[in-house]
Amino acid sequence: MFSPENWPPNIGVFVGGVPWDITEKDLQSAFACFGAVKFEWPVGFGPKSAGKARDLQSSPLRGPKYGYLYLIFETEKSVLNLLGSCTYEVERQGPCFFYKVSSEKIQKKAVQIIPWQLNNGKWVQPGYVPEVDEDAPQRTVFVGGIHGQITAGSLARIMIQLFGPVGAVELDTDKTRYPIGSGRVVFRDLRSYMTAVLFGAVELRTNRFTKTIQIDPFLHDSVCSVCYQKVGPLFCRDLACCRYFCKECWEWEHSVVELLRGHKPMMRTSRITGSIGAPDKSLSPPQKPLLQSCVKAL
């Protein structure tokens, strides 16, 4: 039997499958009984995006396809009280929680409540010590498009099944320490790392969702691998290169050697606008999945 006391979450909770005409007033009626709560909507949607003429408390959200939001409680106790009031189904990865909410046109709809355990954001292989692995950045990949129910441990098992031994996994989180859909994986050997980079994308199929995750080299500060004098902000993921270039060396090498002319550079996103080490997709667009996997690790 599920016991909330043995399941410590953080204060952020994902709510999926909400009615298309849900309002903040409806949500307050459903969740305020557990404690002070704020609502965070998908970017550009929700009552605040509709303009001053709109009733911010009673107008429905725009667009049924954005049927989710985040609850931000002030205390973990509020989350525990919510979970204790949910119905749940026990699956291999743990309990799945459901809570009924009502809107003007849809009554008592069961929405999915997805909390986040604080210890699910990091995973380290027993015996592996990240602090002493000086070459870890050269064997680290950035993973994007991670489903909200995939923990660091689950992602590690997926990567081990598909590519090889993994040393550590860390998921990126927001200010409430809720995962934001990206993370980093450190492989134990270069062959596993190169195999993951070569595939670039994997379609994960589970009994609850199908999701494509992107796999890219984790880009770090490096000097140019050709001249060894300038900073190398450009990275070539093609196996014929797989190294860093300054702008001049990139243009020289990828214009002189005919086989390299079709390569696309990758660059780190801004420290302000994106995750550190994440590639800039405007330079190198996401790859289509070359590998499909029916994952049993979740």
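Higher on the page you've got the structure.
Structure report, in brief. (Residues numbered from 1 in each chain as written. Predicted model: local features only at pLDDT ≥ 70, side-chain atom pairs only at ≥ 80, totals over all residues. Heavy atoms only, no water.)

1. A closer look at the packing of aromatic side chains
Note on aromatic pairs: each is described by the distance of the centres and the angle between the planes.
Right, so step 1: Applying the stated criterion across every chain, the model contains 12 aromatic pairs.
Right, so step 2: Relative to Tyr-70, the ring of Phe-14 lies with its centre 5.4 Å away and its plane at 75°, an arrangement referred to as edge-to-face. Separated by 56 residues along the polypeptide, Phe-14 in strand S1 (residues 12–16) and Tyr-70 in strand S3 (residues 68–73) bring together distant segments of the chain.
Right, so step 3: A residue is classified by how much of its surface remains accessible, and Tyr-70, at 25% relative accessible area, is partly exposed.
Right, so step 4: Seen from their ring centres, Phe-245 and Trp-250 are 5.4 Å apart, and the 90° between their planes marks the pair as edge-to-face. For the pair Phe-245 and Trp-250, one class covers both residues: buried. (Phe/Tyr/Trp six-rings, centres within 6.5 Å; stacked < 30°, edge-to-face > 60°. Helix = DSSP H or I, 4+ residues; strand = E, 2+ residues; numbered from the N terminus. Buried < 20%, exposed > 50% of the residue type's maximum accessible area, 1.4 Å probe, protein only.)

2. Quick notes on the pairing of strand S8 (residues 140–144)
Right, so step 1: Of all five residues in S8, five are buried; the element is thus mostly enclosed.
Right, so step 2: Of the two faces of S8, both are covered, the one formed by Thr-140, Phe-142 and Gly-144 as well as the one formed by Val-141 and Val-143.
Right, so step 3: As judged from the five bridges shared by S8 and strand S10 (residues 179–187), these two strands associate in the antiparallel manner. Pairing of Gly-144 across the sheet is with Ser-182, part of S10.
Right, so step 4: Both S8 and strand S12 (residues 210–217) contribute to a ladder of four bridges, which runs antiparallel. Within S12, the residue paired with Phe-142 across the bridge is Asp-216. (Pairing = 2+ DSSP bridges.)

3. Digging into the nonpolar core
Right, so step 1: If you look at the biggest cluster of nonpolar residues, it comprises 32 residues, and the most contacted ones within it are Val-141, Leu-155, Met-159, Val-169, Val-185 and Phe-187.
Right, so step 2: Counting only elements with at least two residues in this core, the list comes to S8, helix H3 (152–162), strand S9 (166–173), S10, helix H4 (190–199), strand S11 (201–205) and S12.
Right, so step 3: Considering each element in turn, this core owes the most residues, five residues, to H3.
Right, so step 4: Contacts of Val-141, omitting those with residues within four sequence positions, involve Gly-183, Arg-184, Val-185, Phe-187, Tyr-193, Val-197, Ile-215, Asp-216, Pro-217 and Phe-218.
Right, so step 5: Counting 23 residues, the second-largest nonpolar core is a separate cluster that includes Val-15, Phe-97, Tyr-99 and Val-101. (Core = buried A, V, L, I, M, F, W, Y, C linked by side-chain atoms within 4.5 Å. Contact = heavy atoms within 4.5 Å.)

4. A closer look at the environment of Asp-174
Right, so step 1: Along the chain, Asp-174 falls in the loop between S9 and S10.
Right, so step 2: Each C-alpha atom, one on Asp-174 and one on Gly-12, is 9.5 Å from the other, the two residues being 162 residues apart in sequence.
Right, so step 3: Separated by 2.8 Å, the side chains of Asp-174 and Thr-176 make a polar contact. (Polar contact = N/O pair within 3.5 Å; in protein donor to acceptor, adjacent residues only side chain to side chain.)

5. Some words on a nonpolar patch on the surface
Right, so step 1: A surface patch of nonpolar side chains, about 450 Å² in accessible area, is lined by Trp-252, Val-256, Val-257 and Leu-259.
Right, so step 2: One can find Val-257 in the loop between helix H5 (247–256) and strand S15 (265–266). (Patch = residues over 30% accessible without salt bridge, like charges linked within 9 Å, V, L, I, M, F, W, Y side chains within 5 Å. Areas by Shrake-Rupley, 256 points an atom, 1.4 Å probe, with all protein chains shown as cover. Salt bridge = Lys/Arg side-chain N within 4 Å of Asp/Glu carboxyl O.)

6. Here's the deal with H3
Right, so step 1: For H3, every residue scored as buried is listed here: Ala-152, Gly-153, Ser-154, Leu-155, Ala-156, Ile-158 and Met-159.
Right, so step 2: Residues of H3 that are buried sit in contact with strand S7 (122–124), S9, S10, S11 and S12.
Right, so step 3: Just beyond H3, the residue with positive phi is Gly-164, at close to 140°.

7. Some thoughts on the sheet that holds S15
Right, so step 1: Spatial ordering of the open sheet is given by S14-S13-S15, a layout of three strands whose pairing is antiparallel. Strands with a single pairing partner mark the edges of an open sheet, and in this sheet they are strand S14 (243–245) and S15.
Right, so step 2: Judged from the three bridges that link them, strand S13 (residues 234–236) and S14 form a sheet pairing that is antiparallel. Within the sheet, the bridge partner assigned to Cys-236 lies in S14 and is Arg-243.
Right, so step 3: This element, H5, spans S13, S14 and S15 of the sheet and lies at about 110° to S14. (Axes fitted to C-alpha atoms, helices over the stretch in contact; angles between N-to-C directions.)

8. Some remarks on unusual backbone geometry
Right, so step 1: With phi around 50°, Lys-108 is a residue other than glycine that occupies positive phi space.
Right, so step 2: Residue placement: Lys-108 occurs in the loop between strand S5 (94–101) and strand S6 (109–114).
Right, so step 3: For Tyr-228, which is not a glycine, the phi torsion comes out positive at approximately 55°.
Right, so step 4: Residue class for Tyr-228 comes out exposed when judged on its relative accessible area of 60%.

9. Structural notes on the pattern of salt bridges
Pairing is possible between side chains that carry opposite charge, provided their charged atoms lie close to one another.
Right, so step 1: Applying the stated criterion across every chain yields a total of seven salt bridges.
Right, so step 2: Across the pair Asp-216 and Arg-237 runs a salt bridge, and its minimum N-O distance is 2.4 Å. Separated by 21 residues along the polypeptide, Asp-216 in strand S12 and Arg-237 in the loop between S13 and S14 bring together distant segments of the chain.
Right, so step 3: Across the pair Glu-248 and Lys-230 runs a salt bridge whose closest N-O atoms are separated by 3.5 Å.

10. Describing the side chain of Thr-140
Right, so step 1: Among the secondary structure elements, Thr-140 is positioned in strand S8.
Right, so step 2: One polar contact links the side chain of Thr-140 to the main-chain carbonyl oxygen of Ala-136, over a distance of 2.6 Å.

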